[in-house]
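As a plain string of letters, each chain reads:
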Amino acid sequence: QVQLVESGGGLVQAGGSLRLSCAASGLTFSMYAMGWFLQAPGKERELVAAISWSGSDTYYADSVKGRFTISRDNAKNTMYLQMNSLKPEDTAVYFCAADKGGIITTTQARAYDYWGQGTQVTVSS
């Protein structure tokens with residue numbers, strides 16, 4: 001059974017930092033591309049950042065470039081999202097997701113095969 005478990009969310013002031021983690025089990029983690037999506041109330045999930053199976057390729061939404069860094073440790077079956085200079089508009093539930101294709105081909109949520117339950121990130125002004 002595939003499980004993706006996010007952690008590291010919370011409440012932080014604007015300008016602060018958080019580090020999200022996504023621990024994977026039940027799949028060959030090193031073969032999957034991984035992504036972080038956010039979903040704000042009443043809005044669709046949108047891709048924030050993605051990383052290929054090897055970590056050699058990454059994608060960032062324009063809104064987070066220069067502030068967020070995605071990384072992975074295939075030996076630990078874990079993906080990370082370092083979030084710096086947080087803004088109130090970053091407030092959302094953050095989900096990690098796994099794509100068996102292994103490479104970054106799209107920003108669409110439907111391309112991803114497995115999802116975590118999400119972790120809330122709230123940035124106060």
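Scroll up to find the structure this text is about.
Residues numbered from 1 in each chain as written. Predicted model: local features only at pLDDT ≥ 70, side-chain atom pairs only at ≥ 80, totals over all residues. Heavy atoms only, no water.

Quick word on the environment of Lys-43
Of note, Lys-43 is situated in the loop between strand E4 (33-39) and strand E5 (46-51). The class for Lys-43 is exposed, based on a relative accessible area of 57%. As a C-alpha pair, Lys-43 and Ala-92 span 49 residues in sequence and 9.8 Å in three-dimensional space. (Helix = DSSP H or I, 4+ residues; strand = E, 2+ residues; numbered from the N terminus. Buried < 20%, exposed > 50% of the residue type's maximum accessible area, 1.4 Å probe, protein only.)

Comments concerning the sheet that holds strand E7 (residues 68-73)
Within the open sheet, the four strands sit side by side as E1-E3-E8-E7. Their pairing is antiparallel. Strands at the two margins of the open sheet, each flanked by one partner only, are strand E1 (3-7) and E7. Adjacent strand axes in the sheet meet at a mean angle of 15°, parallel and antiparallel pairs treated alike. When E7 meets strand E8 (residues 78-83), the two strands line up antiparallel, connected through six bridges. Of the residues in E8, the one forming a bridge with Ile-70 is Leu-81. (Pairing = 2+ DSSP bridges. Axes fitted to C-alpha atoms, helices over the stretch in contact; angles between N-to-C directions.)

A closer look at the layout of surface pockets
Think of a ball as big as a water molecule: rolled over the atoms, this probe shows where empty space is left. In this model, the largest pocket occupies a volume close to 160 Å³. Lining the largest pocket we find Leu-38, Ala-40, Lys-43, Glu-46, Ser-63, Val-64, Arg-67, Lys-87, Glu-89, Asp-90 and Thr-91. Here the lining of the largest pocket is built from residues that sort into three nonpolar, two polar and six charged. (1 Å grid on protein atoms, 1.4 Å probe; cavity = no way out; pocket = protein on both sides within 12 Å on 5 of 7 lines; lining within 4 Å. Points joined across faces, edges and corners; volume = space filled by probe spheres on them. Nonpolar A, V, L, I, M, F, W, Y, C, P; charged D, E, K, R; others polar.)

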